[in-house]
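If you want the building blocks of each chain, they are given just below.
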Amino acid sequence: MGIMDGKKGIIFGVSNKHGIANAIAEQIYAAGGEIAFTYANEAMEKRVKPIAAEMNAKMCIECDVTKDEDVKKVFEEYAKIYDRLDFVIHAVAFANREDLLGDFYTTSREGWDLAMHVSAYSLLTLTKYAKPQMEKTGGGSILALTYLGSTHAVANYNIMGVAKAALESSMRFIAMDLGKYNIRCNCLSAGPVKTLAAKGIGGFDKMLKFNSLKAPLNRTPSLEDVGKAGLYLASDLSSGVTGQVQFVDCGASSVFASLDEMECVSQSEVLVSR
């Protein structure tokens, strides 16, 4: 018996086999859950459909999360195939590459609006259409992916950091709204993980090294680490958890500076003094 036996839901945002969304999907599927998938456009269809097929998905449908009619159609089609909705995972984010580089204050109005709509407002759209089906089920879990850049200024994260801050704040308000329906709403904040999406962040290799140096576990999280945390938040194991941001970063976010970091600073000061 798996902890997700009989549980069914949708994942928005799986784009390849080497991403966080897929890692969560793999854990949910291995635990007995049934998953419906969406893909953003025709270009992504070729990547996502094989993944959906490997997990015996009964539904894999195109969805532009910036369009209400697309999201509405997803949930309408889902209801025709599945008899319950236990979890929805929001793993959707986008920003123009030029808005992730250079000075944040030069972000264009169009770039701001695009990043906020795709990465944050889309959570509200998904929630609006998920709520009736989850309420009918008797409750469920809505989970979104975020990152430390929501609360800290991280180099080359720029507008995405602001979008993630909006995402986290939105999730807290949604948690307050939907708690009475036994719907839990949380965010999962993974540390730097080698994914295709991460390649779009300048200096990512340095972020990996810094996290390993700072983290109490002396490493960066693996995709499996993050996937297991996603499974926990999507399952009944987290039945009393809502309105939270769960960090999976090997402890880096809870430490101001490790002894190794301070030693590096001390050595630098010695070199400068010479």
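None of these values were measured; they are calculated from a predicted model. (Residues numbered from 1 in each chain as written. Predicted model: local features only at pLDDT ≥ 70, side-chain atom pairs only at ≥ 80, totals over all residues. Heavy atoms only, no water.)

1. Side note on the overall build of the chain
Here is the rule: Secondary structure elements are taken from DSSP: a helix is a run of H or I of four residues or more, a strand is a run of E of two residues or more, and numbering for both begins at the N terminus. With a 1.4 Å probe rolled over the protein chains alone, any residue whose accessible area is under 20% of its type maximum counts as buried; one over 50% counts as exposed, and the rest are partly exposed. Values of accessible area rely on a 1.4 Å probe in the Shrake-Rupley scheme; residue burial ignores everything except the protein chains shown.
The number of helices and strands found in the chain is eight helices and seven strands. In the chain, which comprises 274 residues, the proportion classed as buried is 47%. Accessible surface, the chain as shown: approximately 13,700 Å² in total, 54% of it carbon and sulfur.

2. Comments concerning the pattern of salt bridges
For the record, the criterion: Put simply, a salt bridge is a Lys or Arg side-chain nitrogen that is within 4 Å of an Asp or Glu carboxyl oxygen.
For the structure on display, the rule yields twelve salt bridges. Its salt-bridge partner being E54, residue K17 comes within 2.7 Å of it at the nearest N-O pair. On the criterion of sequence distance, the pair formed by K17 in the loop between β1 (8-12) and α1 (20-30) and E54 in helix α2 (residues 42-54) is long-range, its members being 37 residues apart. Owing to a relative accessible area of 43%, K17 belongs among the partly exposed residues under this scheme. Residues participating in the shared-partner salt-bridge network are K7, R84, D86 and D236.

3. Details of the pairing of strand β4 (residues 87-90)
Using the following cut-off: Strands qualify as paired when DSSP identifies two bridges or more between them. When the strands point away from the viewer and the connection leading from the first strand across the helix to the second strand turns clockwise, the crossover is called right-handed.
Residues F87 and I89 line one face of β4 and the alternating positions V88 and H90 line the opposite face, and both faces are buried. Where β4 lies against strand β5 (residues 140-146), four bridges are found, and the strand directions are parallel. If you follow F87 over to β5, its bridge partner there is S141. Crossover connection from β4 via helix α4 (residues 109-137) to parallel β5: handedness right-handed.

4. A word on the packing of α4 against helix α5 (residues 158-178)
Put simply, the rule reads: For helices, the fitted axis covers only the stretch in contact; all axes are lines through C-alpha atoms, and the angles between them, taken along N-to-C directions, range from 0 to 180 degrees. For this classification, under 35 degrees means roughly parallel, over 145 means roughly antiparallel, 65 to 115 means roughly perpendicular, and everything else is oblique. Take the far helix as the reference: if the near one is turned anticlockwise from it by less than a right angle, the crossing is left-handed, and if turned clockwise, right-handed. The contact definition used throughout considers only heavy atoms, calling two residues in contact when any of these lie within 4.5 Å. Each residue gets one label: Ala, Val, Leu, Ile, Met, Phe, Trp, Tyr, Cys and Pro are nonpolar, Asp, Glu, Lys and Arg are charged, and the others, such as Gly, are polar.
Running from N to C, α4 and α5 cross one another at 20 degrees; their axes reach a closest spacing of 9 Å. As judged from the angle between their axes, α4 and α5 are roughly parallel. Once α4 is placed against α5, the crossing between them reads as right-handed. Here G111, W112, A115, M116, S119, A120, L123, L124, T127 and K131 of α4 lie close against α5, whose contacting residues are I159, M160, V162, A163, A166, L167, S170, M171, I174 and L178. Residues belonging to the contact of α4 with α5 are distributed by class as follows: 15 nonpolar, four polar and one charged.

5. Topic: the pairing of β1
Burial analysis of β1 places five of its five residues in the buried class, which makes it a mostly covered element. Here β1 shows two buried faces, one formed by K8, I10 and F12 and the other by G9 and I11. Pairing geometry for β1 and strand β2 (residues 34-39), over five bridges, is parallel. Across the sheet, residue F12 finds its bridge partner in β2, namely T38. Assessed by its sense of winding, the connection that carries the chain from β1 through α1 to β2 is right-handed.

6. Let's talk about the sheet that holds β5
To summarise the sheet geometry, strands pair through backbone hydrogen bonds and adopt either a parallel or an antiparallel arrangement. With parallel pairing, the seven strands of this open sheet are ordered in space as β3-β2-β1-β4-β5-β6-β7. Edge positions in the open sheet fall to β3 (60-62) and β7 (245-248), since each of these has one partner strand only. Strand-to-strand twist of the sheet, defined as the mean angle between neighbouring strand axes without regard to direction, takes the value 20 degrees. When β1 meets β4, the two strands line up parallel, connected through four bridges. Counted as the bridge partner of I10 is V88 from β4. Running at roughly 175 degrees to β4, α4 makes contact with β1, β4, β5 and β6 (183-190) of the sheet. Sitting on the sheet, helix α7 (residues 223-234) is in contact with β4, β5, β6 and β7, with an inclination near 170 degrees to β6.

Without other data, these values stay purely geometric and don't point to any function.
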